[in-house]
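An overview of the molecular structure
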Amino acid sequence: MKKIFYFLAIFSTIFFYNCETNEKFTGSPVGNQEIITLDAIISSNVEFATSGQDVEFNFVLPRTFKDTATVEVTAVNSEGGRTRKKVDIMPGQVSPLPSEVVKITSPGSGDMFFSQFEMSITAISLKHAEIGKHYLIKSNVLSIETGKAGSITATNAARLSVELVWPSYSGTNDVALKIQKPSGTVVEPTSQQSGGKLHSIRVSNTPILSDSDINNSNAEGEYVFSMTGRNLAISPQNMPYIVIVVFPNGDRKFYTGTYENLYVDAPLKNLIKVTKNPVGATEPFTVSEL
């Protein structure tokens, strides 16, 4: 027994020594495998996503496999923050099943108010490896705009919500959000999130506006959203902003821009127009950038 143990120890020493000198033994999986790189296509309808938001995507592989393949998608922002998502592709398929909605969590913009992050397919693995073959994968790169919004309005089936956010949100660096209602009345909502100003338009129909509740809107027609300076740490200044629109069904739209040379009570800069359509319309709301 002692002799056998001594022989195994010598063999192990020789094996590791050769690995350290990068020699490849006959029969090594790496040395004998065919390396195959797959070109895949990834796509998404999402153009803007803030940190922590779920981003829907889809992809197409260039071929099918006889067994389940797991595809890894990675999203990376400019500051190195990243998130990953693994998706199983069934045998004989090249994409997720039509009934499967695949999402990845946005890494956001880090400490930058407005930036971009990139999404691509970064890895693939097979449930059962194909003998003699090793698969790599690459894809096109999606660039998605992102911003550091302090708060994102939650979906509410009873209303459409509009949120205005800007950098360095505080009482000493504050902007005013103005809304012109269908009646022509201009109001300034007092409702605010941790990162900006908020206003909602209800789905329910009330043609006559109520003067006693300026923070909610019910009437059909056009609502024009605009901004000016209220209290500014530096005046004048170029103020970047993001307008976030959350629809009752959960869809979102984002509009970005900069108010150049903003000062306190500067002329109103129109941002977006929200049209509340008549009850029964295919789309209860339509939104356009101004």
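Residues numbered from 1 in each chain as written. Predicted model: local features only at pLDDT ≥ 70, side-chain atom pairs only at ≥ 80, totals over all residues. Heavy atoms only, no water.

Comments concerning the overall build of the protein chain
Rules: Secondary structure elements follow DSSP: runs of H or I of four or more residues count as helices, runs of E of two or more count as strands, with numbering from the N terminus. Accessible area is worked out with a 1.4 Å probe on protein chains only. A residue is then buried under 20% of its type maximum, exposed over 50%, and partly exposed in between. It only takes one pair of heavy atoms within 4.5 Å for two residues to be counted as in contact. In these tables, accessible area is a Shrake-Rupley quantity obtained with a 1.4 Å probe, and a residue counts as shielded only by the protein chains included in the view.
Counting its secondary structure elements, the protein chain contains two helices and 18 strands. When burial is assessed residue by residue, the protein chain has 38% of its 290 residues classed as buried. Long-range pairs, those at least 24 residues apart, make up 68% of the contacts in the protein chain with a sequence separation of at least 6. Accessible surface, the protein chain as shown: approximately 16,300 Å² in total, 52% of it carbon and sulfur.

Re the pairing of strand β17 (residues 269–276)
Rules: Two strands are counted as paired when DSSP detects at least two bridges linking them.
Both strand β14 (residues 221–231) and β17 contribute to a ladder of seven bridges, which runs antiparallel. Following the sheet pairing, F225 is matched in β17 by I272. The sheet contact formed by β17 and strand β18 (residues 285–289) spans five bridges and is antiparallel. The partner of T275 across the bridge, within β18, is T286.

Let's talk about the layout of surface pockets
Which parts of space are left empty comes out when a probe the size of a water molecule is rolled across the atoms. Spelled out, the test is: Lining residues are defined by having an atom within 4 Å of a point belonging to a cavity or pocket. Those points lie on a 1 Å grid over the protein atoms alone, cavities being sets where a 1.4 Å probe fits but cannot get out and pockets being open sets with protein on both sides within 12 Å along at least five of seven lines. Grid points are joined across faces, edges and corners, and a volume is the space filled by probe spheres set on the points. We call Asp, Glu, Lys and Arg charged. Ala, Val, Leu, Ile, Met, Phe, Trp, Tyr, Cys and Pro are nonpolar, and the rest, Gly among them, are polar.
There is about 790 Å³ of room inside the largest pocket. Per-class residue counts for the lining of the largest pocket are eleven nonpolar, eleven polar and nine charged.

Focus: the pattern of salt bridges
We apply this condition: We count a salt bridge whenever a side-chain nitrogen from Lys or Arg sits within 4 Å of a carboxyl oxygen from Asp or Glu.
Here the structure, examined in full by the defined rule, presents seven salt bridges. D174 is the salt-bridge partner of K197, the closest N and O atoms lying 3.2 Å from each other. Here K197, found in strand β12 (residues 196–202), pairs with D174, found in strand β10 (residues 174–180); they are 23 residues apart in sequence, far enough to count as distant. Neither residue differs from the other here; K197 and D174 are each classed as buried. Here E222 ties to K273 by a salt bridge, and the two come within 3.5 Å at their closest N and O atoms. Separated by 51 residues along the polypeptide, E222 in strand β14 and K273 in strand β17 bring together distant segments of the chain.

Points about the sheet that holds strand β4 (residues 82–89)
To keep it simple, the criterion reads: Every axis corresponds to a line fitted to the C-alpha atoms, with the helix fit spanning only the stretch in contact, and the corresponding angles, defined between N-to-C directions, vary from 0 to 180 degrees.
With antiparallel pairing, four strands are arranged side by side in an open sheet as β4-β3-β6-β8. At either margin of the open sheet sits one strand with a lone partner, and together these are β4 and β8 (142–147). Between one strand axis and the next, the sheet turns through 30° on average, direction left out of account. Across nine bridges, the pairing between strand β3 (residues 69–77) and strand β6 (residues 114–126) is antiparallel.

Remarks on the environment of E34
Of note, E34 is situated in strand β1 (residues 34–43). It is 5.9 Å that separates the C-alpha atoms of E34 and H134, two residues lying 100 residues apart in sequence. Dropping the residues within four chain positions of it, E34 is found in contact with G132, K133 and H134.

Considerations on the sheet that holds β1
Reading across from one edge, β5-β2-β1-β7 is the order of the four strands in this open sheet, with mixed pairing throughout. Each of the sheet's edge strands pairs with one partner strand only, and the pair in question is β5 (102–105) and β7 (133–139). Direction aside, neighbouring strands of the sheet carry axes that sit 45° apart on average. Two strands pair when backbone bridges link them, and β1 and strand β2 (residues 54–60) are joined in this way by three bridges, in the antiparallel orientation. Paired with I42 across the two strands is F59, which belongs to β2.

Comments concerning the environment of S125
Residue placement: S125 occurs in strand β6. For S125, a relative accessible area of 39% gives the class partly exposed. Other than its neighbours up to four places away in sequence, S125 contacts T68, A69 and T70.

Re the environment of L271
Turning to its location among the elements, L271 is positioned in strand β17. Considered as a pair, L271 and V224 are 47 residues apart in the sequence and their alpha carbons are 7.6 Å apart. In contact with L271, not counting residues within four places along its chain, are L164, F225, S226, M227, Y241, V243, E289 and L290.

Quick look at the confidence of the model for the protein chain
Our working definition: Predictor confidence is given residue by residue as pLDDT, running from a minimum of 0 to a maximum of 100.
For the protein chain, per-residue confidence averages 83 on the pLDDT scale, and residues scoring 70 or more make up 82% of the total. Mean pLDDT across the secondary structure elements of the protein chain bottoms out at helix α1 (residues 2–20), with 38, and peaks at β17, with 96. Considering only residues more than four positions removed or in separate chains, one finds that residues 1–28, a stretch of pLDDT under 50, has five contacts.

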